[in-house]
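Spelled out, the chains give:
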Amino acid sequence: MIIAEWKPLPELVEILKGHTNVLVVGCATCVAECAAGGEREVETLAPLLQMALKQEGRTINVRTSTLERQCEWEFVEELAKVAPQVDAIVSLACGIGIQAVAERFPELAVYPGVNTTALAIRQEPGTWLARCAACGDCVLGETFGFCPVARCAKSLSNGPCGGTRKNGKCEIDENIDCVWYQIYERAKARGKVEQLLKVRKPKNWSNSGHGGPKRVVREDLRP
Amino acid sequence: MKDANRSVTMPRIVVVYCRNAVSSAAELLEGPYTVKGLNAFFAALPCSSKIEPSYLLKILADGADGVLVVACPEGHCRFMVGNVRAEKRVNYVRSLLDKAKMGAERLTLERGENLTEKDLLSLAQRRVEPLKILGPNPMKGDGK
Ligand code: SF4
Ligand code: SF4
């Protein structure tokens, strides 16, 4: 899933300066799963914003809505009725959903209520861990199912870096596993350590952000 | 029942309590209770874990001066860990209230067992002074 986290409250209070009718809009998909922008979080942030703004002597009307998926035009369209009644939208969806809303309602100020941070998995309730960085040149087949791009602090294609702690944790944070240690352990368990001796050449980054904004076209699916 | 003059100075407290934390007689305590130096509203829940951060914040955004959550003692939850979840949520909302500069003290959690109506009233009563010190909720009057 795409994960996100609320922006700090003072930042949201600041961006809402001058607005009096605000719509807080969530998305019931990824950001709901990571407890940042689903219906629960929308209904939590709305009264919180009202109270934080009140402390600065500002009274705002806050409406709320949570779309099934904020990254699909059909669902974004559901906001057409309420949009004329507000002067700003705070979206708790990932950056994709926020941009979809901004594109559909260009006349409105659309603000991110969250920072989108990673493609992640819920490791256990309340803990999410990055798993993929959408690099466009997947090497999971060579790295025994562990992503070194998203999970190594240095995104090393040929690791480890030499800083791995004795307990297998990364040198930058004792709570984070060294992914190259994990890769090695899995390779060893599968009797394939020699595969790691092969030097992996630089990745082809041009298939993701480095090749300009990514565009995928499937002629067979186009209108 | 409502005394308009008193409610100006008397904090309005919403008490949400776990039905299993009280004796059967205390379950009758539902709705507003505005006598004896107390301006409170009581609501029973099937388990304290039924509280959601959004409910607690909405109660405060609607102008209540304080919210008191009453849960069973740890280890005595009919639903295993409901009251532990409730405590975590209360702590989370308290942190949000601090960030909103509303004061974490507007939301508190108490634990108890076989509580009588009198016990519930006295738990609510204990919130009056701290909430008076905190001052009235600035959201008062904005509530729907
Ligand atoms: S190698 Fe690239 S595509 Fe594969 S999981 Fe890692 S970031 Fe994602
Ligand atoms: S310790 Fe491991 S995960 Fe951390 S930077 Fe070095 S190789 Fe990457």
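Residues numbered from 1 in each chain as written. Chains lettered and ligands numbered in written order. Predicted model: local features only at pLDDT ≥ 70, side-chain atom pairs only at ≥ 80, totals over all residues. Heavy atoms only, no water.

Examining the overall build of chain A
When you go through chain A residue by residue, the secondary structure sums to seven helices and nine strands. C-alpha atoms of chain A, sized along the principal axes, occupy 65 × 50 × 25 Å. The 223 residues of chain A split such that 39% are buried. Total accessible area computed for chain A in this model is approximately 12500 Å², and 51% of it derives from carbon and sulfur atoms. Looking at chain A, you have 28 positive and 27 negative side-chain charges, and the mean spots of the two groups are 7 Å apart. (Helix = DSSP H or I, 4+ residues; strand = E, 2+ residues; numbered from the N terminus. Buried < 20%, exposed > 50% of the residue type's maximum accessible area, 1.4 Å probe, protein only. Areas by Shrake-Rupley, 256 points an atom, 1.4 Å probe, with all protein chains shown as cover. Lys, Arg positive; Asp, Glu negative; His and termini not counted. Charge placed at Lys NZ, Arg CZ, Asp CG, Glu CD.)

Topic: the domain arrangement of chain A
Split into domains, chain A comes out as domain 1 (2-117) and domain 2 (135-203). For domain 1 of chain A versus domain 2 of chain A, the distance between C-alpha centres works out to 38 Å. (Domains from an automatic or database assignment.)

Remarks on the packing of helix H2 (residues 53-61) of chain B against helix H3 (residues 82-99) of chain B
All names here are of chain B. Following both chains from N to C, one finds H2 and H3 inclined at 45 degrees, their axes separated by 9 Å at the closest point. Here H2 lies oblique to H3, going by the angle between them. For H2 against H3, the interelement crossing comes out right-handed. Within the contact between the two elements, H2 uses Pro-53, Leu-56, Leu-57 and Leu-60 and H3 uses Arg-89, Tyr-92, Val-93, Leu-96 and Leu-97. (Axes fitted to C-alpha atoms, helices over the stretch in contact; angles between N-to-C directions. Parallel < 35°, antiparallel > 145°, perpendicular 65-115°, else oblique. Left-handed = near helix turned anticlockwise from the far one by under 90°. Contact = heavy atoms within 4.5 Å.)

Quick notes on the pattern of salt bridges
Residues and elements named next belong to chain A. For the coordinates displayed, the defined rule picks out 20 salt bridges over all chains. As a salt-bridge pair, Glu-72 and Arg-69 come within 3.7 Å of each other at their nearest N and O atoms. Residue Glu-72 is classed as partly exposed on the basis of its relative accessible area of 31%. The partly exposed category is assigned to Arg-69, whose relative accessible area is 32%. Between Arg-104 and Glu-77 there is a salt bridge, with its nearest N and O atoms 2.7 Å apart. Here Glu-77 lies in the loop between helix H4 (73-76) and strand E4 (88-91) and Arg-104 lies in helix H5 (residues 95-104), a separation of 27 residues in the sequence. Using a relative accessible area of 30% as the deciding quantity, one classes Arg-104 as partly exposed. Note on Glu-77: relative accessible area 38%, which makes it partly exposed. (Salt bridge = Lys/Arg side-chain N within 4 Å of Asp/Glu carboxyl O.)

Points about the site of ligand 1
Near ligand 1 the following residues occur: Arg-131, Cys-132, Ala-133, Ala-134, Cys-135, Cys-138, Val-139, Leu-140, Cys-147 and Val-149 of chain A. Looking at the shell around ligand 1 residue by residue, the classes come out as nine nonpolar, no polar and one charged. (Near = heavy atom within 4 Å. Nonpolar A, V, L, I, M, F, W, Y, C, P; charged D, E, K, R; others polar.)

Details of the interface of chain A and chain B
The figure often quoted for interface size is the accessible area lost as the parts come together. Each partner contributes residues to the interface: chain A has 14 residues there, and chain B has 17 residues. Around 1400 Å² of area is buried between chain A and chain B when both sides are counted, 66% of it from carbon and sulfur atoms. Ranking the residues of chain A by area buried against chain B places Met-51, Lys-54 and Gln-55 of chain A at the top, with a combined share of 39%. Sorting elements by how many residues they give to the side of chain A that touches chain B places helix H3 (residues 39-54) of chain A first, with nine residues. Here the residues of the side of chain A that touches chain B are counted per class, giving six nonpolar, four polar and four charged. (Buried area = accessible area lost by both parts, 1.4 Å probe.)

Focus: the side chain of Glu-43 of chain A
For Glu-43 of chain A, the position within the fold is in helix H3. When its relative accessible area of 16% is taken as the criterion, Glu-43 of chain A is described as buried. Not counting residues within four places of it along the chain, the set of residues in contact with Glu-43 of chain A comprises Thr-64 of chain A together with Ser-54 and Lys-58 of chain B.

A closer look at H3 of chain B
Compared with the 26 Å implied by 1.5 Å per residue over 18 residues, the 26 Å span of H3 of chain B between its first and last C-alpha is a close match. Every buried residue of H3 of chain B is listed here: Gly-82, Asn-83, Ala-86, Val-90, Val-93, Leu-96 and Leu-97 of chain B. Viewed end-on, H3 of chain B has its buried residues packed into an arc of 130 degrees, placing them on one side of the element. Across from the buried face of H3 of chain B, at angles greater than 90 degrees, the exposed residues are Lys-88 and Lys-99 of chain B. Check the buried side of H3 of chain B and you find it contacts strand E1 (2-6) and H3 of chain A together with H2, strand E4 (66-71) and strand E5 (107-111) of chain B. The first or second residue beyond H3 of chain B is Lys-101 of chain B, which carries a positive phi of 60 degrees. (Expected span 1.5 Å × (residues − 1). Arc of directions from axis to C-beta.)

Examining H2 of chain B
Side chains three or four residues apart in an α-helix point the same way, a direct result of the helix having 3.6 residues per turn. Within the span of H2 of chain B, buried status applies to Pro-53, Ser-54, Leu-56, Leu-57, Leu-60 and Ala-61 of chain B. All buried residues of H2 of chain B lie within an arc of 165 degrees about the axis, which places them on one face of the element. Its buried side turned inward, H2 of chain B meets H3 of chain A together with E4, H3 and E5 of chain B. The first or second residue beyond H2 of chain B is Gly-63 of chain B, which carries a positive phi of 110 degrees.

Considerations on the sheet that holds strand E3 (residues 39-45) of chain B
Residues and elements named next belong to chain B. The sheet built from five strands is open, its strands ordered E2-E3-E1-E4-E5 with mixed pairing. The open sheet is flanked by strand E2 (31-33) and E5, the only strands paired with a single partner. On average, each strand axis in the sheet is inclined to that of its neighbour by 25 degrees, with strand direction left out of account. Relative to E3, strand E1 (residues 12-18) is paired through seven bridges, and the arrangement is parallel. (Pairing = 2+ DSSP bridges.)

Overview of the packing of H3 of chain A against H2 of chain B
Two elements in contact, H3 of chain A and H2 of chain B, have axes whose closest approach is 8 Å; the angle formed by their N-to-C orientations is 25 degrees. Put simply, H3 of chain A runs roughly parallel to H2 of chain B. Remark: the crossing between H3 of chain A and H2 of chain B carries left-handed chirality. On H2 of chain B, the residues that touch Arg-40, Glu-43, Thr-44, Pro-47, Leu-48, Gln-50 and Met-51 of chain A of H3 of chain A are Pro-53, Ser-54, Leu-57, Lys-58, Leu-60 and Ala-61 of chain B. Of the residues contributing to the contact of H3 of chain A with H2 of chain B, the split by class is seven nonpolar, three polar and three charged.

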